[in-house]
Each structure stands twice: as structure tokens, then as C-alpha cells.
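Letter by letter, the chains look like this.
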Amino acid sequence: MVETAWMARRDEPVPEEVERLLATVPEWFGRPESNAEYIADARTMETWTVRDAKGRVVGVTLVAHHFPQSSEIHLAVVDREVHGGGIGSAMVEAVRADLRERGTRLLEVKTLGPSHSDPHYARTRCFYQKMGFLPVEETDLWGESTPCLIMIMPLRQGADPSVQEEQQEKNSAT
Ligand SMILES: CC(C)(COP(=O)(O)OP(=O)(O)OC[C@H]1O[C@@H](n2cnc3c(N)ncnc32)[C@H](O)[C@@H]1OP(=O)(O)O)[C@@H](O)C(=O)NCCC(=O)NCCS
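Now for a look at the structure at hand. This structure is a prediction, so every number in the text was calculated from the model and none was measured.

Examining the overall build of the protein chain
In terms of helices and strands, the protein chain carries five helices and seven strands. Listed by position from the N terminus, the elements making up the protein chain come as β-α-α-β-β-β-α-β-α-β-β-α. Across its three principal directions, the C-alpha atoms of the protein chain cover 60 × 40 × 30 Å. For the protein chain, the proportion of its 174 residues judged to be buried stands at 25%. In the protein chain, the proportion of contacts linking residues at least 24 apart, taken out of those at least 6 apart, comes to 61%.

What to know about the sheet that holds strand E4 (residues 70–78)
Across the sheet, which stays open at both edges, the seven strands sit in the order E1-E2-E3-E4-E5-E7-E6 with mixed pairing between neighbours. What marks the edges here is a single partner per strand, and that holds for strand E1 (8–11) and strand E6 (134–139). The mean angle between the axes of side-by-side strands here comes to 30 degrees, regardless of whether they run parallel or antiparallel. Pairing analysis gives four bridges linking E1 to strand E2 (residues 46–51), with the strands arranged antiparallel. Pairing of Ala-8 across the sheet is with Val-50, part of E2. The sheet contacts of helix H1 (residues 15–24) involve strand E3 (57–67) and E4, and relative to E3 the element is tilted by about 110 degrees. Each of E1, E2, E3, E4 and strand E5 (106–112) is contacted by helix H3 (residues 87–102), which is oriented at about 30 degrees to E3, the strand it contacts most.

Considerations on the pairing of strand E7 (residues 148–154)
With seven bridges joining them, E5 and E7 adopt antiparallel strand pairing. Considered in E7, the bridge of Val-109 is made with Met-151. Direction of pairing for E6 relative to E7: antiparallel, over a ladder of five bridges. Each bridged residue has a counterpart across the sheet, and for Glu-137 the counterpart in E7 is Ile-150.

Things to note about the nonpolar core
Nonpolar side chains in soluble globular proteins generally cluster together in the buried interior. The biggest cluster of nonpolar side chains holds 31 residues, and the ones touching the most others in it are Val-18, Val-50, Val-77, Ile-87, Met-91 and Val-95. The leading source of residues in this core is H3, at six residues. Leaving out residues up to four positions away in the same chain, Val-77 has contacts with Val-18, Leu-21, Leu-22, Val-25, Gly-59 and Val-60.

Rules of the game
Residues numbered from 1 in each chain as written. Predicted model: local features only at pLDDT ≥ 70, side-chain atom pairs only at ≥ 80, totals over all residues. Helix = DSSP H or I, 4+ residues; strand = E, 2+ residues; numbered from the N terminus. Buried ≥ 20, exposed ≤ 12 C-beta atoms within 10 Å, placed from the backbone. Contact = placed C-beta atoms within 7 Å. Pairing = 2+ DSSP bridges. Axes fitted to C-alpha atoms, helices over the stretch in contact; angles between N-to-C directions. Core = buried A, V, L, I, M, F, W, Y, C linked by C-beta atoms within 7 Å.

Shape descriptors only; they carry no functional weight alone.
Below you can see the structure in the form of C-alpha cells.
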């Protein structure tokens, strides 16, 4: 576990900072059209940031809430100058704690799959596995030359309370 003093927090949209951070990691985010989509997404999506002592954004995570039971890390990026310093961990930990409080049960992330030889994304997969994500399936969702690995982190165990409530309602109606 990374020992870190970095604090991640829910923030306002920071699309300009996302654009700046993506430009520091062209080995991961080298497609201008995909970057433009991420920057556009950053205008509206739930945003978590880590800022340095001067208030400058050094890491951003965008979160999508698909269902009450499941959410997704849509984008995670840390300034290249400070990789490996615990900023990514701080963001995942903060998002995870928030989702647990909301009662969310699964956190998903999609990344480049292991059948692709890219060494940079091999490091990204190590990061997510270290954080507790499990590989679930590699798909061709992004096309044949870009294998997409779906990873999931379970947040809570046990039966889904919403299903139990539904069942109770059905039982009391009969
Ligand atoms: C992936 C990323 C968000 C991780 O953030 P980070 O601040 O660098 O990560 P942390 O310092 O919190 O690392 C936590 C753990 O991840 C693993 N990890 C991080 N960088 C690693 C690397 N280069 N190689 C192998 N493992 C690595 C380590 O296990 C590390 O724990 P340790 O230091 O105790 O060994 C960041 O490196 C990044 O922006 N990468 C480029 C963009 C990217 O891959 N985004 C995700 C696309 S799906």
C-alpha cells in the first residue's frame, strides 16, 4: 500500500486541467479524438481531484453512475511528473469510500487488455489490480485492435437490498 499524504476530494468540473494532464501522458492518451471526448466528458461528469499545496490539479478521476448498484471510473489520470507517488491510490480510495456510503456494490473500470503488448497499459493494469480490481473479461468493444479489459471491484457483499425490498413488496401484496 502506498503511504501518501495526498487527499482526493469531490471537485467542480476541471476540463482544462484534464486536457493539461492528458498531454503529460501521450503514451496512454495519444489519440486526439479520444482526448477531445474525455475533455468534453469532464465538463459534465462527477469529478474527483488531487491538488498540490498550491492548489494545482495533479490528478483527476471521472466517475459515472450506471445503476444504484454499479458505478465506473470513466477516466483516471495523474500528472506524469508525480506518477507512483500515491495520487492514483488516493483518488480510488476516496471514490470507493464515497460509493460505499451511497450503498453502491460494484466499481468498474475498462482499460487496454493483456492481449495487447503495450507496456504502459501493463503498468496501468498492475495499478488497478493493486487497488483491488479483478479482471472479468476482455472484449472487442473498442474494436479488434484495441482489446478492452473489463475490471470490477466488489464494494459490498451480500444480497442486493433493492431486490429484497421488491420481494417484500410482492409478498405483502399477495
Ligand atoms: C494509473 C495512474 C492513474 C496511477 O496513479 P499513480 O499516482 O501513478 O499510482 P500510485 O502511486 O497510487 O500507485 C499505486 C500502486 O499502483 C502500482 N503502480 C503504480 N505505478 C506503477 C508502475 N509504473 N508499474 C507497476 N505498478 C505500478 C503499484 O503497485 C503502486 O503501489 P506501490 O507503490 O506500493 O508499489 C497513473 O500512473 C496514470 O495517470 N497513468 C497514465 C494514465 C492511465 O493509465 N490512466 C488509466 C487509464 S485506464
